[in-house]
Amino acid sequence: MSTPTAATEPVVDRLATEPGDGLATTTGAGVAAGSRAVLWLALPLAITAALCFLAPLLPLPDPNEQNLRNTLQPPVFAGGDWSHPLGTDKLGRDMLARLLHGGQLTFIIGVAGALVAVVPGALIGLAAGFARGKVDAVVSQLISAQLALPFVLIALPIIIARGQSIWVLLLVLGLTGWAPVARVVRAEAMSVRERQFILGLRAVGASGARIMFRHVLPNLAAVLVVLGTLQVGTAILIESALSFLGMGVVEPDMSWGSILASGQDILKQGWWVSTIPGIAITAVVLLVNLLGDALLVRYDPRKRQY
Amino acid sequence: MQQPALDIKDLRIEARTAGGVRPLVHGVSLRVDPGEIVGIVGESGSGKTTLMRSVIGLLDRNVRVTAGTVAVHGRTVIADGVDETRTVRGTEVGVVFQDATRSLNPLLKIRTQLREVLDRHRPDLDDAQMRTVMTEILERMLIRDVDRVLDSYPHQLSGGMCQRVAIAIALIADPALLLADECTTALDVTTQAEVVALLNELVHGSNVGLAFVTHDLALAADLCDRIAVMRDGRIVELRPTAELLADPRDEYTRDLLAAVPAWADLGDGNRPTSAPAAG
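Bear in mind the structure is a predicted one, so any value in this text is a computation, not a measurement.

A. Inspection of helix H2 (residues 95–131) of chain A at higher detail. End to end, H2 of chain A covers 52 Å across 37 residues, agreeing with the expected 54 Å (1.5 Å per residue, within 8%). Arg132 of chain A lies just past H2 of chain A and shows a positive phi near 55°.

Laid out in structure tokens, this is it:
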């Protein structure tokens, strides 16, 4: 039986050396890796957003300046030239300028659209899940009713009645977005309020409002971060879809969704007009969602190590 | 004469369920004096936790007190369907729950959690005084590295340490009554012994009365001055520990004693603690 001894020896070696120098560095590296993930996801998003919002200061042509003698120029990587790095659209407008200017509205609608859904949704869900009883019964029915209505059925009448503007768009995003958020937050709040430390807080005489906002709400932070970031992505996608249907942003304003929509009838002659904003939307939504996951890992104290 | 820390008289508690009204506690009377530890022993479902919850008014929604009175430190908090337990929570009554690691908010440092109770119950203190009170109370819990504990999150502390912090939170506003609901059940045996020793030292010789709820008769025998044995919502026997162990009158108490493995093997004459031999 000499082989087992030989086989176990390296293992024993490893066990003997690892706990000493291993533990401290792995935990430290864990935090560093978490921070690094957040950084590497936030950085490209921040740079993209900065480029979009600084676009008026950059040496770019006016995004609405037409040049009908220079339409559908391909981007440089598809045989075009550097005068229009991302080509031009069917009216000869510079795609790079349009992409960066359009990003402004896309980012604004993404963030504001998430806020108008998550803030009321979280408060309503928290109140229902924490108070239970009649409040919960009413809110639950409202959530079910809201979720039963197709999005388009809410969005189109409002847009038709109120006209197309960013405020109407935010109203639609809020009206349609609060219910799924409230439903998740309500369920989470119900589970947190049954935890023992909440009973302990009642036992030391803490008030309901204090328990709700100071103790239950922070324990929902993880859920809220995830819901919030997902909602940013959803808002951007909804805006794009509405603009695609001609119900969103109107000329001369532009967003990635409306630029994408403007290329739909010329896909064969100028695929880049739709594809480039499409890639931008996909990349930003993906980054935002990954950032949500990374933030969750980084800022949950239970996952923090010292 | 000193006011009893807890005085329960003929308390009845019912639960309304889908199957109708089910009585949980039928006419229990119990007194805990200052500086005394009274054990409430019984199997699961005997109503001991319900009894304790009623004292702080934290019964489940479908459960309510139907008759009887509860007085804490001379102040009647439950009588004739009126429930004023809210006014004594945290001030006159402190509670320690079963699983210490889950009875603290995982997102806040111990310092913040202690501070919050002080902010509520001792708003007269300034920052420095509050720091002193927090340090002192943790030192009373026999915690050595107080500063490290104060700056820790619950998940960074052991179960026993969390339970000490929970006891500190329960005692920080200087209550007359401490309720401990299975507060050692989730701990390993050595830690359990430490917490029991701590409770023993904190209560005996102080003005705090302790109602110690447990299913573990051996543990209660170690710690309590008197033991109430509960079964099916009634106290079947309530006597000083030594008497109860030496000469259990109720058949159920005898069953419980027989169920403690070590004692059953030792035979009647060799029961631990100061129990005098039977007969």
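B. Looking closely at the nonpolar core. Membership of the largest hydrophobic core comes to 153 residues, with the highest contact counts inside it found for Ala166, Ala168, Leu177, Ala211 and Phe212 of chain B. If one sorts the elements of this core by residue count, H2 of chain A sits on top with 17 residues. Sequence-distant contacts of Phe212 of chain B, that is, excluding residues within four places in its chain, are made with Ile37, Val38, Gly39, Ile40, Ala180, Ala220, Leu223 and Cys224 of chain B.

C. Looking closely at the pairing of strand S4 (residues 63–72) of chain B. Residue and element names in this part refer to chain B. Note that strand S1 (residues 6–17) and S4 share eight bridges and pair antiparallel. Directly across from Leu6, in S4, lies its bridge partner Val72. Where S4 meets strand S5 (residues 75–79), three bridges bridge the pair, whose relative direction is antiparallel. Within the sheet, the bridge partner assigned to Val72 lies in S5 and is Arg75. In sequence, S4 turns back onto S5 through a hairpin of two residues, with His73 there showing a positive phi of about 55°.

D. Broad picture of the packing of helix H4 (residues 151–162) of chain A against helix H5 (residues 166–193) of chain A. All names here are of chain A. At a closest axis distance of 10 Å, the pairing of H4 and H5 adopts a crossing angle of 155°. Classified by the interaxial angle, the pair formed by H4 and H5 is roughly antiparallel. For the pair H4 and H5, the crossing hand works out as right-handed. Across the interface between the two elements, Phe151, Ile154, Ala155, Ile158, Ile159 and Arg162 of H4 pack against Val168, Leu171, Val172, Leu175 and Thr176 of H5. Taken together, the residues of the contact of H4 with H5 sort by class into nine nonpolar, one polar and one charged.

E. Summary view of the sheet that holds strand S11 (residues 234–240) of chain B. Residues and elements named next belong to chain B. Here we have six strands laid out as an open sheet, ordered S7-S8-S9-S3-S10-S11, and mixed in their pairing. Of all strands in the sheet, those with a lone pairing partner are strand S7 (93–96) and S11, marking the two edges. Pairwise comparison of adjacent strand axes, ignoring direction, gives a mean angle of 15° for this sheet. Bridge count for strand S3 (residues 37–41) against strand S9 (residues 209–214) is five bridges, and the pairing is parallel. Note that in S9 the partner of Val41 across the bridge is Thr214. Each of S7 and strand S8 (177–181) is contacted by helix H5 (residues 159–171), which is oriented at about 165° to S7, the strand it contacts most. Against the sheet, helix H9 (residues 251–259) engages S3, strand S10 (226–231) and S11, with an angle of about 105° to S10.

F. Geometry of the confidence of the model for chain A. Residue and element names in this part refer to chain A. Averaged over all residues, the pLDDT of chain A equals 83, while 87% of them reach at least 70. Looking over chain A, one finds the lowest element-wise mean pLDDT in helix H1 (residues 3–53), namely 60, and the highest in H2, namely 94. Below pLDDT 50 for its whole length, residues 1–27 participates in one contact with residues either more than four positions away or in separate chains.

G. Molecular detail of the interface of chain B and chain A. The partner chain A presents 15 residues to the 19 residues of chain B that form the contact. Considering only residue class, the side of chain B that touches chain A consists of 10 nonpolar, five polar and four charged.

H. The environment of Ile276 of chain A, seen in detail. Residues and elements named next belong to chain A. For Ile276, the position within the fold is in helix H10 (residues 271–299). Between the C-alpha atom of Ile276 and that of Lys90, which follows or precedes it by 186 residues, the distance is 14 Å. Excluding residues within four positions of it along the chain, Ile276 makes contact with Leu86, Met95 and Leu99.

Definitions and cut-offs
- Every chain is numbered on its own, with residues counted from 1 as its sequence reads.
- Here every chain gets a letter starting at A, and every ligand a number starting at 1, in the order they are written.
- Reporting in this predicted model follows two pLDDT cut-offs: at least 70 for local features of residues, and 80 or more for side-chain atom pairs to be given and counted; totals over whole chains, interfaces and linings ignore these cut-offs and use all residues.
- The numbering of helices and of strands both runs from the N terminus, where a helix is a DSSP run of H or I of at least 4 residues and a strand a run of E of at least 2.
- Here the expected span of a helix is defined as 1.5 Å times the quantity of residues minus one.
- Each nonpolar core consists of buried Ala, Val, Leu, Ile, Met, Phe, Trp, Tyr and Cys residues. Their C-beta atoms, within 7 Å, join them into a set.
- As a rule, residues whose C-beta atom has 12 or fewer other C-beta atoms within 10 Å are exposed, those with 20 or more are buried, and those in between are partly exposed; C-beta atoms are placed from the backbone.
- Whether two residues are in contact depends on their C-beta atoms, placed from the backbone: they are in contact if these lie within 7 Å.
- At least two DSSP bridges between two strands are required for those strands to pair.
- Every angle, taken between N-to-C directions, lies between 0 and 180 degrees, and every axis is a line fitted to C-alpha atoms, over only the stretch in contact when it is a helix.
- Roughly parallel here means an angle under 35 degrees, roughly antiparallel means over 145, roughly perpendicular means 65 to 115, and every remaining angle is called oblique.
- Note: crossing handedness is left-handed where the near helix turns anticlockwise from the far helix by less than a right angle, and right-handed where it turns clockwise.
- Any residue that is not Ala, Val, Leu, Ile, Met, Phe, Trp, Tyr, Cys, Pro, Asp, Glu, Lys or Arg is counted as polar, Gly included; the first ten are nonpolar and the last four charged.
- Values of pLDDT, ranging from 0 to 100, describe the predictor's confidence in every residue of the model.

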